[in-house]
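# Reading the structure
Now for the letters of each chain:
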Amino acid sequence: MKTAIIFSSTHGTTEKASQLLRDHLQGEVDVIDLKKCSNLSLSGYNSVILGSSIYAGSVKSKLKQFVKQNQIDLETKKLGLFLCCMYEGDKANKQFETAYPLELRKLSVSNGLFGGEFILANLNFLERKIIKMIDGVTSDVTKLDVDGIKKFADKFNAYTA
């Protein structure tokens, strides 16, 4: 089985989560950054995992565009979906629901909320000011859920299409 983890990331946390996820998946796994890949075909993959960060309240536009252009193909694959976000509980679940179309959420065999990070060195001046004002963050914060990533992979690995 060949799996593609296709992600879009603003500051690198979703990429980090994708790499960690790859380490726990069975079979051949390609990790694909949509920023670096403009013409991606899903034909060589049995399964696809989509991941994105939440930035200014929504998923990355590259991921939205990819899903829109490939939704029919995605519906034929073993599918997993994840988000990296700082919110937890109902707020995180709401973000997940708005990130992915209902059709894909229904087909997904494994869903994940992997937490997030504020790495201040990766942010520009305005982003640091906004995060300080909204969240009170003045130093790096890491809430990446490594255990949640492993549980996602275990569930994805256990599902037989």
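In the block above lies the structure referred to throughout.
In this report, the structure presented in the accompanying data block is examined.

Reading guide: rules and limits
- Within every chain, residues take consecutive numbers counted from 1 along the sequence as written.
- Where local features are concerned, this predicted model is filtered to residues with pLDDT of at least 70; where side-chain atom pairs are given and counted, the filter is 80 or more; whole-chain, interface and lining totals use all residues.
- Excluded from the side-chain calculation are hydrogens and water; included are all heavy atoms of the structure.
- Counted as salt bridges are all cases of a side-chain nitrogen of Lys or Arg within 4 Å of a carboxyl oxygen of Asp or Glu.
- Helix and strand assignments come from DSSP, with helices taken as H or I runs of at least 4 residues and strands as E runs of at least 2, each series counted from the N terminus.
- Burial status follows relative accessibility: with a 1.4 Å probe on protein chains alone, a residue under 20% of its type maximum counts as buried, one over 50% as exposed, and anything between as partly exposed.
- Expected helix span is computed as 1.5 Å times (number of residues minus one).
- Only the six-membered ring of Trp is used, alongside the rings of Phe and Tyr, when aromatic pairs are assigned; centres must lie within 6.5 Å, and planes under 30 degrees apart are stacked while those over 60 apart are edge-to-face, with the rest tilted.
- Strands are labelled as partners when DSSP assigns at least two bridges between them.
- Note on handedness: a crossover is taken as right-handed if, strands pointing away from the viewer, the path from the first strand over the helix to the second is clockwise.
- A 1.4 Å probe that fits into a set of points on a 1 Å grid over the protein atoms alone but cannot get out defines a cavity; an open set with protein on both sides within 12 Å along at least five of seven lines defines a pocket, and lining residues are those with an atom within 4 Å of a point.
- Grid points are joined across faces, edges and corners, and a volume is the space filled by probe spheres set on the points.
- Note on definitions: a residue-residue contact is assigned when non-hydrogen atoms from the two residues lie within 4.5 Å.
- For this analysis, a polar contact is any N or O atom pair within 3.5 Å, provided that within protein one partner can donate a hydrogen and the other can accept it, and provided that sequence-adjacent residues contribute only side-chain to side-chain pairs.
- Each nonpolar core is a collection of buried residues, namely Ala, Val, Leu, Ile, Met, Phe, Trp, Tyr and Cys, held together in the definition by side-chain atoms within 4.5 Å.

Further remarks concern the pattern of salt bridges. Going through the model one piece at a time under the given rule, you end up with five salt bridges. One salt bridge in this structure joins Lys151 and Asp147, with 3.2 Å as the shortest N-O distance. One end of the pair, Lys151, and the other, Asp147, are both in helix α6 (residues 146-158), four residues apart, so they sit about a helical turn from each other. Relative accessible area serves as the criterion here: at 46%, Asp147 is assigned to the partly exposed category. Measuring nitrogen to oxygen at the nearest pair gives 3.2 Å for the salt bridge that ties Asp154 to Lys150. You can see Asp154 and its partner Lys150 sitting in helix α6, four residues apart, about one turn around the helix.

Let's shift gears to α6. For α6, which comprises 13 residues, the first-to-last C-alpha distance of 18 Å matches the rise-based estimate of 18 Å (1.5 Å per residue) to within 8%. For α6, the set of buried residues is Gly148, Ile149, Phe152, Ala153, Phe156 and Asn157.

Considering all chains together, one arrives at five aromatic pairs under this definition. Between Phe82 and Phe114, the ring centres sit 4.6 Å apart and the planes meet at 20°, which makes this aromatic pair stacked. Of this pair, Phe82 sits in strand β5 (residues 78-84) while Phe114 sits in the loop between β6 (110-113) and β7 (117-118), placing them 32 residues apart in sequence. Each member of the pair, Phe82 together with Phe114, is buried.

Time to look at the pairing of strand β2 (residues 28-33). As judged from the six bridges shared by strand β1 (residues 2-8) and β2, these two strands associate in the parallel manner. Bridged to Ile6 within β2 is Ile32. At this point the chain moves from β1, through helix α1 (residues 13-24), to the parallel β2, and the crossover so formed is right-handed.

What the second largest pocket holds in volume is close to 200 Å³. In this structure, the second largest pocket is lined by Leu34, Cys37, Ser38, Asn39, Leu40, Lys62, Gln65, Phe66, Gln69 and Asn70.

With that out of the way, let us pick up the environment of Asp30. Within the fold, Asp30 resides in strand β2. A residue is classified by how much of its surface remains accessible, and Asp30, at 24% relative accessible area, is partly exposed. Along the chain, Asp30 and Ser18 lie twelve residues apart, while their C-alpha atoms are 9.8 Å from each other. Residues contacting Asp30, with those up to four places away along its chain left out, are Lys2, Thr3, Ala4, Ile5 and Tyr45. At a separation of 2.7 Å, a polar atom in the side chain of Asp30 contacts the side chain of Tyr45.

The next subject is the nonpolar core. Counting residues in each nonpolar core, the largest one holds 24 residues, and the members touching the most others are Ile6, Val48, Leu50, Phe66, Leu74 and Tyr100. Contributions of two or more residues to this core are made by β1, β3 (47-55), α2 (61-74), β5 and α3 (89-99). No other element matches α2, which puts four residues into this core. Not counting residues up to four positions away in its chain, the partners in contact with Tyr100 are Leu50, Gly51, Ser52, Leu63, Leu81, Phe82, Leu83 and Arg105.

Interpretation note: all reported values are geometric properties and have no functional meaning in isolation.
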